[in-house]
Structures are given as structure tokens and as C-alpha cells.
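Chain by chain, the residues run as shown.
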Amino acid sequence: MIDSPSLVVRNIGALVTGEMRDGDALGVVDDAVLVASGSLLTYAGSSARARFSPMSADVVDIDARGATVIPGFVDAHTHLTWLGDRGGEYAARAEGVTYEEIARRGGGIRSTVRATAAGSVEQIARAAAARARRMQEHGTTTVEVKSGYGLELSAELRQLDAAIAIGDDEELPDVIATYLPLHAPAEGDREALLTEVCERGVREASTRARFCDVFCEEGAYTVDECRRVLVAARAAGLEPKLHAEQRTRSGGAQLAAALRATSADHLEHATDDDLRGLAVARVTGVILPGAALVLGGPPPPGGRILDAGATVAVATDCNPGTCYSESMPLMISLAVAGCGLTPAQALLAATSGGAAALGLRDRGVLRAGLRCDAVILHSRSWLDVAYHLGANPAATVIRAGLVVAGGDPVVEDGEAAPSRPSG
Ligand SMILES: [Zn+2]
């Protein structure tokens, strides 16, 4: 018997629970129903076994019309809170202008820092809210948001406050905020920056953010500098994350393992030994295939992370320089096309993998007792999320038991694709 449902999704053709079931990693249940009471699921499974208490008139009752339902996407790596526009720089790069020349002209990450650091919390939040809404329309129900364009502490804190304002808006995705004090290369007194971050920054950020992230890279910050900041951050209550091995192999993955960081992100230049180290230390490897596509270079090691025995997540890296995209479905397609993941592995990397990369145990799979964050697709097949390149597969988005995007699902009837992976 299910008590007082507030939302019911009936007539689900295939429910992707995201939990291993009879050898199927996606845990697909055919002919299923979802029931939520408030923000939590009270039932997610076969309609034959579902029992409803009498429903009051104010229950949201959705007929999925045979469509597939998947967990909401958890986008575990974004730089959403920026001001300014770098479209011109994007075009210049396509014409062969180098990063160094763009930087000499005052472009690159420095131009984003100038524009963002000059903005108020309200201005930054307004710009980020538009991006967060597009993310949600594409099925994202939780998004991690980093600072990193402020540099100076008060500007970093305004970015974090803007991220929190997005998360407080009931109509926008849940936000997990991350303090990213080491991002753009330091100008001026490096030691003074590190001292301020370790002595004041991590303390003030700890009331706003859950994580502290650093950019460990040649030309950015060294392993020693990153370790110093992350150790201070953990003492202040912030869990560590790292941008690691993106453009060169600089030791960030080994540092992530040594610190037992929650995640190590990018990893294009990580060795198999590095990835095994992440597996042993239970560090989630986050791949960012959009940024890798824009920048060129080796593909992100999605399949290799799984082969090493670690958990893999896929995220947008939504940012104004290397990946201006809010679309998790596009990242899933790119993870299959270029990162060695199967469609099922990529879908899990975008849901339960994303939750693991943020240390969240209450979402990423559809199970009674967890959050009701779910996406009703336009399609009868979950495969279309990866297969239908560049499309938005989300018909209806449900976050914390409330419909937050889309309307009634309209299933596009074509030839019915199989709802389970074969072989
Ligand atoms: Zn990043």
C-alpha cells in the first residue's frame, strides 16, 4: 500500500532504474510506474505490482503513453556563473589564431575574469539562470557550479552566491557549489594568492560550497600548490576535486588518489596506472567530451576508466572558452562516439556516475526512498538519448517530485527500437 502520492507517472513503456537487475546494468523494467510523495519516490517498478491508495484530486497524474523514463541527469562539472561573451574568440580560433595571440589581445580566460569579477551577484545569477534553465529543459536535474572567474576572494564569493541563488530557485536545477580558487594562472604575487586562499578563502567558501577544486596543469598550478590548497580546504570542511591531466600529464590524478578526492576531471593524458590509482582510492573519473572536441587532442578515457575499475561520470564542462553547451544528451553522444563508452555506460555515467562525482547518494538512480528526479523521453527507447545526435530527448522533466520542464509526453512513433542493450 502506498500512502498519499503527490505524483504518479503511469504507462511507462520502459523504466531505466539505473540499478543492475538480472544482468542488465541499466535495470530496465518494462510496463512500469513511478510514484512520488513530496520530493521522494515511494515506488519505481512494474505496474503489475504497484498498489495505490485512493488518489486525491490534487495528485499530478501523468500518462507517459508508452515512453521511456530515465533518471534525471547529474551534470557534475560546470563553470556556469560567468559574464561576458567570447564568441569572437571562438571564430578567431577557427581562423587559426593561437591561444597565445588571443591572450595577448586581452582575450581568453582573463576576459571572462574581467567581466565576471565586475558583476553583481544578481547580474551573474541572471546570466547563469538562463543557462541552468536550458540544462533543465535537456533533462538535467542537478548541476555542479564552480567559481573560478573571480580570482580575488570577494569576486569568487559573489560567484558562489550566484550559484546558490540558482539552487534556491524552485524552478531551476539543484545546485552543488564548488570553490575553484586556483583556475586562471596567477598574475602578480603567487605566494600572496595561495596564502589568502588557504587562510581566508577556504574558510569563507566553506559556508557556501561543498567542494574545493584546483586546476593542476603546466602553466596553471603545480601539484605542490594544489596539494597545499586542497589540504587546507579539507580542514575547512570542503571536499577535494581536481582538474587533472587535461593538456599534459602533470601529476594531478596521482594527487587526487593520494588525497582520496571525490573526483578527478578531464584525464586525457592520464596513464592506465593513474586510472588504476583512482580506482583503488575510489575517486570518480569525470570525462568532458565537449571540451575535448573543441580543443582537439587525445580523447577522454571513458572506457579506460571503467577498464581500470573506477567509476566514470560524463559532464558538460559548460564554460565560455572551451565548451559552451548545456546539453547532457550531446555529451552522452560524444562519450559514445569518441570516449570508448557504450550507450548504456554513457547513460549511467550521466546519471549515477554524476551523482558519484558529487558524493550524492540520494539521486542518480530511480528507487523508492530516493529523490524523484526523472525524465520522460519523447521516445520508446533509451538508446535515442545517445543515438539521436544533437536532439533534445526530454519531453517532461521532473525534479524533486515536481514537473519543472516540458508538458505532456508525446511519443514519436517510429519503428520501435529495443529497450534493452543486446549482448
Ligand atoms: Zn572545468
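Remember, it's a predicted structure, so these values are computed and weren't measured experimentally.

Caption draft 1: Focus on the coordination of the zinc ion. Coordination of the zinc ion by the protein is provided by His-77 (NE2), His-79 (NE2) and His-243 (NE2), with metal-donor distances spanning 2.1 to 2.2 Å. One chain supplies every donor to the zinc ion, and in sequence these donors are spaced H-x1-H-x163-H. As far as burial versus exposure is concerned, His-77 and His-79 are alike and both buried.

Caption draft 2: Geometry of unusual backbone geometry. Here the phi dihedral of Leu-151 falls at roughly 65 degrees; this positive angle occurs in a residue that is not glycine. Of note in the backbone geometry, Leu-267 takes a positive phi value of approximately 70 degrees without being a glycine.

Caption draft 3: Quick look at the packing of aromatic side chains. Enumeration over the complete set of coordinates arrives at one aromatic pair. In this arrangement the basic side chain of Arg-131 is found over the ring face of Trp-82, its NZ or CZ atom lying 3.5 Å from the centre. Between the NZ or CZ atom of Lys-241 and the centre of the ring of Phe-211, over which it lies, the distance is 4.9 Å.

Caption draft 4: Structural context of the domain arrangement of the protein. Annotation of the protein at the domain level lists domain 1 (7–72 + 364–406) and domain 2 (74–357). Spacing between the C-alpha centres of domain 1 and domain 2 amounts to 29 Å. At the interface, 27 residues of domain 1 touch 25 residues of domain 2. Buried surface at the junction of domain 1 and domain 2, summed over both partners, amounts to about 1,900 Å²; 68% is from carbon and sulfur atoms. When the buried area of domain 1 at its contact with domain 2 is split by residue, Gly-72, Ala-386 and Arg-399 rank highest and sum to 25% of it. The interface formed by domain 1 and domain 2 includes one salt bridge. As a salt-bridge pair, Arg-371 and Asp-174 come within 3.5 Å of each other at their nearest N and O atoms.

Caption draft 5: Layout of helix α3 (residues 109–117). Among all positions of α3, only Arg-110, Ser-111, Thr-112, Val-113 and Thr-116 are buried. Considering only its buried residues, α3 is in contact with α4 (121–137) and α5 (153–168).

Caption draft 6: Structural context of the environment of Val-113. Note that Val-113 resides in helix α3. Remark: the alpha-carbon pair of Val-113 and Glu-152, spanning 39 residues in sequence, is separated by 9.6 Å. Ignoring any residue separated from it by four or fewer positions in sequence, one finds Val-113 in contact with Tyr-149, Gly-150, Leu-151 and Ala-184.

Caption draft 7: Examining the packing of helix α7 (residues 223–235) against helix α8 (residues 252–259) more closely. Direction vectors running N to C along α7 and α8 enclose 25 degrees, while the axes themselves pass 11 Å from each other. By the angle between their axes, α7 is roughly parallel relative to α8. Of the two elements, α7 crosses α8, and the hand of that crossing is right-handed. Residues Val-223, Cys-226, Arg-227, Leu-230, Val-231 and Arg-234 of α7 pack against Gly-252, Leu-255 and Leu-259 of α8.

Caption draft 8: Structural detail: the side chain of Asp-75. Position of Asp-75 relative to the elements: it lies in strand β6 (residues 73–75). Ignoring any residue separated from it by four or fewer positions in sequence, one finds Asp-75 in contact with Met-135, Thr-140, Thr-142, Val-143, Glu-144, Ala-315, Thr-316, Asp-317 and Met-328.

Caption draft 9: Representation of the side chain of Arg-371. Relative to the elements of secondary structure, Arg-371 occurs in the loop between α14 (352–357) and β14 (374–377). Side-chain polar atoms of Arg-371 contact the side chain of Asp-174, separated by 3.5 Å. The residues touching Arg-371, leaving out its near neighbours within four places in the chain, are Ser-39, Leu-40, Leu-41, Asp-174, Asp-362, Arg-363, Arg-399 and Ala-400.

Caption draft 10: Representation of the pairing of strand β16 (residues 402–406) in the model. Here strand β15 (residues 394–399) runs beside β16; their pairing, made up of four bridges, is antiparallel. Note on β16: the bridge partner recorded for Ile-398 is Val-403. Between β15 and β16, which follow one another and run antiparallel, lie two residues, and Ala-400 among them has a positive phi close to 50 degrees.

About the cut-offs
- Residues numbered from 1 in each chain as written.
- Predicted model: local features only at pLDDT ≥ 70, side-chain atom pairs only at ≥ 80, totals over all residues.
- Heavy atoms only, no water.
- Donors = N, O, S within 2.8 Å, 3.2 Å for Na, K, Ca; no water.
- Buried < 20%, exposed > 50% of the residue type's maximum accessible area, 1.4 Å probe, protein only.
- Phe/Tyr/Trp six-rings, centres within 6.5 Å; stacked < 30°, edge-to-face > 60°.
- Lys NZ or Arg CZ within 6 Å of the ring centre and 35° of its normal.
- Domains from an automatic or database assignment.
- Contact = heavy atoms within 4.5 Å.
- Buried area = accessible area lost by both parts, 1.4 Å probe.
- Salt bridge = Lys/Arg side-chain N within 4 Å of Asp/Glu carboxyl O.
- Helix = DSSP H or I, 4+ residues; strand = E, 2+ residues; numbered from the N terminus.
- Axes fitted to C-alpha atoms, helices over the stretch in contact; angles between N-to-C directions.
- Parallel < 35°, antiparallel > 145°, perpendicular 65-115°, else oblique.
- Left-handed = near helix turned anticlockwise from the far one by under 90°.
- Polar contact = N/O pair within 3.5 Å; in protein donor to acceptor, adjacent residues only side chain to side chain.
- Pairing = 2+ DSSP bridges.

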